[in-house]
Amino acid sequence: MTSTKTSGWLDWYQGPAKPRFQLPAGAVDAHCHVFGPGAEFPFAPERKYTPCDAGKRELYALRDHLGFARNVIVQATCHGADNRAMVDACLASNGRARGVATVRRDIGDEELQRLHDSGVRGVRFNFVKRLVDFTPKEELMEIAGRIATLGWHVVIYFEARDLPELRDFFTALPTIVVVDHMGRPDVGKPVDGPEFALFLAFMRDNANVWCKVSCPERLSVQGPPALDGEGRAYRDVAPFARRIVREFPDRVLWGTDWPHPNLTDHMPDDGLLVDFIPHIAPTPELQRKLLVDNPMRLYWPEEL
Ligand SMILES: O=C(O)c1cc(C(=O)O)oc(=O)c1
């Protein structure tokens, strides 16, 4: 089945640069997606956007080109709770990919175990209204209780302005909780301002909360974009990410977010995006924690 892409959809960047920043051995791209391909893995009827195809072959070619060793593939909302494309990609990775699924409350124990055996280690709860319909919190809490027994964690995606309302729910979750894209701070506001202070306090007060310092291309207001060889892209986002990495070096992850769903301004060159990393994790030790030690502890603990 082929479907028409959402109007204005930007496809992923072809022919990315080789990063100037040399990733440490064993680096993990801890946030990326696969889209279809739609003919093999149709997009979900309840989706809010229809993307281009971006399958496992392209993802693993990018992994090798950039110098990553492993991936964590996060279920994209365009596939709803149909995890087949993500699972297929994990199974094809020779153990080099783990997955984060979307599940509904009616999922059976056998299906959860099947996901685990495929490499899934977490579920994603999404609170970004343009991406998903509302799911009652008691349903999510029930799912969290069940996946906790498998040793999985919960990945949460929300907008900074919604944190005050969601915080009690997040702090009641019984697992490690990983925040996508820094909780989407408004980087037009000061890094020392009250909104970002609330996010830092949320991490400080809850030792089970981790954070992906990802998606500068999504959060940036002033750029410059990671295009045309730009070596210091998204300068306005760097202070926010750097603050989190410095204060919580053992609870941060990084990912490309390839194939970058729903960007409307430009599509970044993923090679230049990797060059953002040393600006937020300035020392080799911080880089090793961010890119190797932390993701390995969360996704491949049996190998440590
Ligand atoms: O901000 C977004 O549009 C976005 C969407 C998705 C998804 O559709 O799953 O995932 C992300 O990490 C980010």
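Refer to the structure above for everything that follows.
Figured I'd write up the structure that's included with this text. (Residues numbered from 1 in each chain as written. Predicted model: local features only at pLDDT ≥ 70, side-chain atom pairs only at ≥ 80, totals over all residues. Heavy atoms only, no water.)

### So, the overall build of the protein
Rule in force here: Starting at the N terminus, helices and strands are each numbered in turn, a helix being any DSSP run of H or I of at least four residues and a strand any DSSP run of E of at least two. This radius of gyration counts C-alpha atoms alone. The globule rule is 2.2 Å times how many residues there are, raised to the power 0.38. Partly exposed describes any residue whose relative accessible area lies between the buried limit of under 20% and the exposed limit of over 50%, with all areas from a 1.4 Å probe on protein chains only and scaled to the type maximum. Should any heavy atoms of two residues lie within 4.5 Å, those residues are considered in contact.
Across its full length, the protein carries eleven helices and eight strands. Against the globule reference of 19 Å for 304 residues, the protein gives a C-alpha radius of gyration of 18 Å, in line with a compact fold. Taking the principal axes of its C-alpha atoms as reference, the protein extends roughly 45 × 45 × 40 Å. For the protein, the residues scored as buried account for 58% of the 304 residues in total. Considering only contacts within the protein whose residues lie at least 6 apart along the sequence, 77% involve residues at least 24 apart.

### Points about empty space enclosed by the protein
So the rule is basically this: Buriedness for pockets is judged along seven lines, at least five of which must meet protein on both sides within 12 Å for an open set on the 1 Å grid over protein atoms alone, while cavities are sets there where a 1.4 Å probe fits but cannot get out, and lining residues have an atom within 4 Å of a point. Grid points are joined across faces, edges and corners, and a volume is the space filled by probe spheres set on the points. The residue classification treats Ala, Val, Leu, Ile, Met, Phe, Trp, Tyr, Cys and Pro as nonpolar and Asp, Glu, Lys and Arg as charged. All others, Gly included, are polar.
Applying the stated criterion across every chain yields a total of two cavities of 30 Å³ or more. The space that makes up the largest cavity amounts to roughly 110 Å³. For the largest cavity, the lining is made up of 14 residues, of which His-33, Arg-124, Leu-131, Tyr-157 and Pro-261 are closest to its centre. Looking at the lining of the largest cavity, its residues break down into five nonpolar, five polar and four charged.

### Observations concerning the packing of helix H6 (residues 194-205) against helix H8 (residues 238-247)
For the record, the criterion: What counts as an axis is a line fitted to C-alpha atoms, over the stretch in contact for a helix, and the angles between N-to-C directions run from 0 to 180 degrees. Here the angle decides the label: under 35 degrees means roughly parallel, over 145 means roughly antiparallel, 65 to 115 means roughly perpendicular, and every other value means oblique. Helix crossings are classified by the rotation of the near helix relative to the far one: an anticlockwise turn of less than a right angle makes the crossing left-handed, while a clockwise turn makes it right-handed.
Taken N-terminus to C-terminus, the directions of H6 and H8 make an angle of 20°; their axes are 11 Å apart at the nearest point. The angle between H6 and H8 falls in the class roughly parallel. By crossing handedness, the relation of H6 to H8 is classed as right-handed. Residues Phe-196, Phe-199, Leu-200, Met-203 and Arg-204 of H6 lie in contact with H8, whose contacting residues are Phe-240, Arg-243, Ile-244 and Glu-247. For the contact of H6 with H8, the class distribution of residues is six nonpolar, no polar and three charged.

### Thoughts on the sheet that holds strand E8 (residues 252-253)
Cut-off, in case you're wondering: By definition, two strands form a pair when at least two bridges between them are found by DSSP.
Strand order across the open sheet formed by eight strands is E1-E2-E3-E4-E5-E6-E7-E8, with parallel pairing between neighbours. Looking at which strands have only one partner, the edges of the open sheet turn out to be strand E1 (28-32) and E8. Alignment of strand E6 (residues 177-179) against strand E7 (residues 209-212), held across three bridges, turns out to be parallel. Across the sheet, Val-177 pairs through a bridge with Val-209, a residue of E7. Strand contacts of H6: E6 and E7, with the helix running at about 135° to E7, the strand carrying the most contacts.

### Some thoughts on the environment of Ser-93
To keep things clear, this is the line we draw: Two N or O atoms count as a polar contact when they lie within 3.5 Å, although within protein this holds only if one can serve as hydrogen donor and the other as acceptor, and sequence-adjacent residues are included solely when both atoms are side-chain atoms.
The residue Ser-93 is located in the loop between helix H2 (84-91) and strand E3 (97-101) in this model. On the accessibility criterion, Ser-93 (3% relative accessible area) is buried. Taking the C-alpha atoms as reference points, Ser-93 and Gly-119, separated by 26 residues in sequence, lie 9.8 Å from one another. At a separation of 2.7 Å, a polar atom in the side chain of Ser-93 contacts the main-chain carbonyl oxygen of Cys-90.

### Examining the site of the ligand
Stated precisely, the cut-off is as follows: Whether a residue is near a molecule or strand depends on its heavy atoms: if one lies within 4 Å, it is near. Per-residue and other accessible areas were derived by the Shrake-Rupley procedure at a 1.4 Å probe size, with only the shown protein chains allowed to occlude residues.
Tyr-49, Thr-77, Arg-124, Arg-130 and Tyr-157 are the nearest of the 16 residues found near the ligand. In the environment of the ligand, an oxygen atom lies 2.8 Å from a nitrogen or oxygen atom belonging to the side chain of Arg-124. Side-chain polar atom of Asn-262 to an oxygen atom of the ligand: 2.8 Å apart, as the coordinates give it. When the ligand sits alone it has 320 Å² of accessible area, and the protein chains cover 100% of it. Looking at side-chain class alone, the shell around the ligand contains five nonpolar, six polar and five charged residues.

### A closer look at the side chain of Asp-180
Tracing the backbone through its elements, the reader meets Asp-180 in the loop between E6 and H6. One polar contact links Asp-180 to His-31, side chain to side chain, over a distance of 3.4 Å. Of note is the side chain of Asp-180, whose polar atom sits 2.5 Å from the side chain of Lys-212.

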